[in-house]
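# Structural overview for review
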Amino acid sequence: MSVDENTPVLRGCIKLPLNKEELIEVTAKAKDYAIMHGAAMRSKTSFSPDSLNFAPFVLVPSSFPRKEFEKAIVLQPIINRLMHNVAHDEEFITTTLAETIKVDEFTANLFNIYRKVLALGFTQAYSVGLLRSDYLAHVYEGCAIKQVEINTIASSFGGIATHLVPLQNFVLRELGHAEKLQRMPKNEALAGLCDGMVKAWNIYAKPESVILFIIEDISYNICDQRFHEFYIRETYPHIKVLRRTLTEVHNEGKLGQSKELLLSGNTEVAVIYFRAGYEPGHYPTQGEWDARYLMETSLAIKCPSIQYHLAGTKKVQQALAQPAVLERFINDPEEMKAVGKIFTGLYSMDDNEVGNANYEMAMRTPEKFVLKPQREGGGNNVYGLDIPDALKRMSRVERSAWILMDLIHPPLSQGYMIRPGSDVPPQIVDMVSELGIFGVVIGDADHIIHNYQAGHMLRTKLSTANEGGVAAGLGALDSPYLIDSDDEDGYY
Ligand code: ADP
Ligand code: MG
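If you're wondering where the values come from, they're calculated on a predicted model, not measured in any experiment.

To continue, consider the overall build of the protein chain. Each helix and strand in the protein chain was counted, giving 17 helices and 21 strands. Scaling as 2.2 N^0.38, a compact globule of 492 residues should have a C-alpha radius of gyration of about 23 Å, and the protein chain matches this with 22 Å. Taken along the three principal axes of its C-alpha coordinates, the protein chain extends 65 × 55 × 45 Å. Classification of the 492 residues of the protein chain by burial places 59% in the buried group. For the protein chain, the share of sequence-separated contacts (at least 6 apart) that also reach a separation of at least 24 residues comes to 74%.

As structure tokens, this is what we get:
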């Protein structure tokens, strides 16, 4: 993505560049600190289950406007409730996704499970939302945060993010800047998310039952997942954790007399935590879809249940950004206003009058937009000037699988991005940070019984990259250094 050359640069945490010798030394220490404290991943290029690389990280924490960070924190319980209400609104989900599922096979498959479960009646009334709401600050509105998306399935990095604050604290202390630590907010994402699963386990209330993690065939982001598992095992040693792929659940899973999910003989599953199942590749055969369906019809408490998964689709996000729609889910006018402000323009591409007008707008001024399909996991969007060609290749009906969104213009920050195999010493690069706030919400259709904000993560990418998937290549883990606006220069 070409960044406007006038994009402002946020005031940094410390003065850069660092002196070369100091930089080389602290980088080497930080890499080892990262590996030794689990800020790590499996290598994609030379995968081995016996070894780890450090996860890409930013050496010194990137700046983020304090006021906006605090706003996101305060909003999270409201967003949790919003998503919970959306997930339980059958009529809304059905009408919102009606056009999308005509052309998007993956969403249609999820929706079919939903429809079948609805017809049978939900065996388990409770759902757990382990959400992550992602934001970019928008320079044209005084760095006000704008929501990029909301994740309702496999919201990751809560584990590693928790360990990244100590890593960057260590670096700052090594560099003689211990006084900077006070501007780095505490992060208890791991405990917050795991405690959510344990609360669900308590609701299920069977002492012998276990928590099941649904995983991919190969887990590159293994540390993040293991942190969750180990935290649960260490903090609540009486609760066992199992890890299974969808294929394994298909092969060994069955339902008991009261529709309990039983694995490996007769181990009863209380809670299912999906770290896979959010993209088509996770369902290579009908067997994996059958496994998902089996789990949905079971008594186990799902994070997320199918209705929560559907509530997290981009199409639902687009529908929610219309004030009249938001009103349906949030009663308090102040809350509605606050949530409305974090939405940027989101536009339907459905084959109707409104959708066709939006199509014309995208063709006329593509540089203002990003085009998104109903996919998760990064690398699927189409940006700016690439949009017209992409749209021209689609039929009118195919377009309705996509949504259009205003491009958010985040401020830059400058720093050192450390990646396995990258140059030593690292160069200073221009970067952009995306803030994720975790939330936990547990309840049934009528009541919410737990609702809290559960920590944060910061993912930083090169400013030249459209997307910053950490595992994918151009992103790095980070944590926020909170800066206040001064009267003259704002945050710059
Ligand atoms: P995914 O489900 O693949 O994570 P996202 O909606 O989060 O999809 O988009 C992926 C990435 O694309 C984001 O992390 C962000 O870097 C970039 N992006 C998405 N929407 C916008 C936007 N409206 N403006 C600027 N960048 C965006
Ligand atoms: Mg995303």
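So, next bit.
To continue, consider the packing of helix α6 (residues 158-174) against helix α7 (residues 189-204). Helix-helix packing is described using two parameters, namely the angle between the two axes and the distance between the axes. Contact pair α6 / α7: the axes reach a minimum separation of 7 Å and the direction vectors enclose 150 degrees. Between α6 and α7, the angle is such that the two are roughly antiparallel. Across the interface between the two elements, Gly158, Gly159, Thr162 and His163 from α6 touch Ala189, Leu190 and Leu193 from α7.

So, about the UniProt feature "binding site: substrate" (unreviewed entry) in the protein chain. Here, UniProt's "binding site: substrate" (unreviewed entry) annotation points to Arg132, Gln225 and Arg459. Locating Gln225 in the fold gives a position in helix α8 (residues 222-235). For Gln225, a relative accessible area of 2% translates into the label buried. Setting aside residues no more than four positions away along its own chain, Gln225 makes contact with Phe213, Ile215, Glu216, Ser219, Arg243 and Arg275. Setting aside its immediate chain neighbours within four residues, Arg459 contacts Arg132, Asp134, Val432, Ser433, Glu434, Gly468, Val470 and Ala476.

It is worth spelling out the sheet that holds strand β13 (residues 346-348) at this point. Spatially, the four strands line up as an open sheet ordered β13-β16-β14-β15, and their pairing is antiparallel. At either margin of the open sheet sits one strand with a lone partner, and together these are β13 and β15 (382-383). Relative to strand β16 (residues 402-406), β13 is paired through three bridges, and the arrangement is antiparallel. Bridge pairing in β16 places Ser348 opposite Ile403. Sitting on the sheet, helix α15 (residues 353-364) touches β13, β14 (369-373) and β16, and the angle it makes with β13 is about 125 degrees.

Another point: the pattern of salt bridges. Tallying each qualifying case throughout the model produces 25 salt bridges. Taking the shortest distance from any N to any O, the salt bridge between Glu68 and Lys71 comes out at 2.8 Å. Of this pair, Glu68 and Lys71 are both found in helix α2 (residues 66-87), three residues apart, which corresponds to roughly one turn of the helix. For Lys146, the salt bridge identified is with Glu141, shortest N-O distance 3.1 Å. In this structure Lys146 comes out as buried when scored by relative accessible area, which is 5%. The network of salt bridges with common partners includes Arg132, Asp134, Glu434 and Arg459.

It is worth spelling out the pairing of β14 at this point. Most of β14 sits inside the fold, with five of its five residues counted as buried. In β14, alternate side chains face the same way, and those of Phe369, Leu371 and Pro373 on one face and Val370 and Lys372 on the other are all buried. Both β14 and β16 contribute to a ladder of five bridges, which runs antiparallel. Directly across from Phe369, in β16, lies its bridge partner Asp406.

On to the site of ligand 1. Around ligand 1 there are 20 residues in total, and Lys314, Lys372, Gly378, Tyr383 and Glu434 lie nearest to it. Contact between ligand 1 and Lys372: an oxygen atom at 2.6 Å from a side-chain N or O atom of the residue. Interatomic distance of 3.5 Å between a backbone N/O atom of Arg375 and an oxygen atom of ligand 1. Contact with the protein chains covers 96% of the free accessible surface of ligand 1, which is 540 Å². Of all the secondary-structure elements, those providing two or more residues to the shell around ligand 1 are β6 (144-151), β14 and β16. Counted by class, the shell around ligand 1 contains seven nonpolar, four polar and nine charged residues. Residues from two domains meet in the shell around ligand 1; each of domain 1 (20-344 + 408-483) and domain 2 (345-407) gives at least three.

The biggest cluster of nonpolar side chains holds 72 residues, and the ones touching the most others in it are Leu59, Ile211 and Ile232. Counting residues per element, this core draws most heavily on α7, at nine residues. When neighbours within four sequence positions are excluded, Leu59 is seen to be in contact with Leu18, Leu23, Val26, Thr27, Ala30, Gln168, Val171, Tyr416 and Ile418. Ile78, Tyr114, Leu212 and Ile330 belong to the second largest nonpolar core, which has 66 residues in total.

Okay, the domain arrangement of the protein chain next. Domain parsing of the protein chain yields domain 1 (20-344 + 408-483) and domain 2 (345-407). Its C-alpha centre places domain 1 at a distance of 25 Å from the equivalent point of domain 2. Each partner contributes to the interface: domain 1 provides 27 residues, whereas domain 2 provides 24 residues. Where domain 1 abuts domain 2, roughly 2200 Å² becomes buried across the two surfaces, and 52% of that area is made up of carbon and sulfur atoms. Counting the surface domain 1 buries against domain 2, the share from its top three residues, Lys314, Thr344 and Glu467, is 28%. Linking domain 1 with domain 2 are three salt bridges. Note that Asp350 is salt-bridged to Lys315, the shortest N-O span being 3.2 Å.

Criteria and cut-off values
Residues numbered from 1 in each chain as written. Chains lettered and ligands numbered in written order. Predicted model: local features only at pLDDT ≥ 70, side-chain atom pairs only at ≥ 80, totals over all residues. Heavy atoms only, no water. Helix = DSSP H or I, 4+ residues; strand = E, 2+ residues; numbered from the N terminus. Rg over C-alpha atoms; globule rule 2.2 N^0.38 Å. Buried < 20%, exposed > 50% of the residue type's maximum accessible area, 1.4 Å probe, protein only. Contact = heavy atoms within 4.5 Å. Axes fitted to C-alpha atoms, helices over the stretch in contact; angles between N-to-C directions. Parallel < 35°, antiparallel > 145°, perpendicular 65-115°, else oblique. UniProt positions renumbered as here; feature names shortened; annotations may be inferred. Pairing = 2+ DSSP bridges. Salt bridge = Lys/Arg side-chain N within 4 Å of Asp/Glu carboxyl O. Near = heavy atom within 4 Å. Polar contact = N/O pair within 3.5 Å; in protein donor to acceptor, adjacent residues only side chain to side chain. Areas by Shrake-Rupley, 256 points an atom, 1.4 Å probe, with all protein chains shown as cover. Nonpolar A, V, L, I, M, F, W, Y, C, P; charged D, E, K, R; others polar. Domains from an automatic or database assignment. Core = buried A, V, L, I, M, F, W, Y, C linked by side-chain atoms within 4.5 Å. Buried area = accessible area lost by both parts, 1.4 Å probe.

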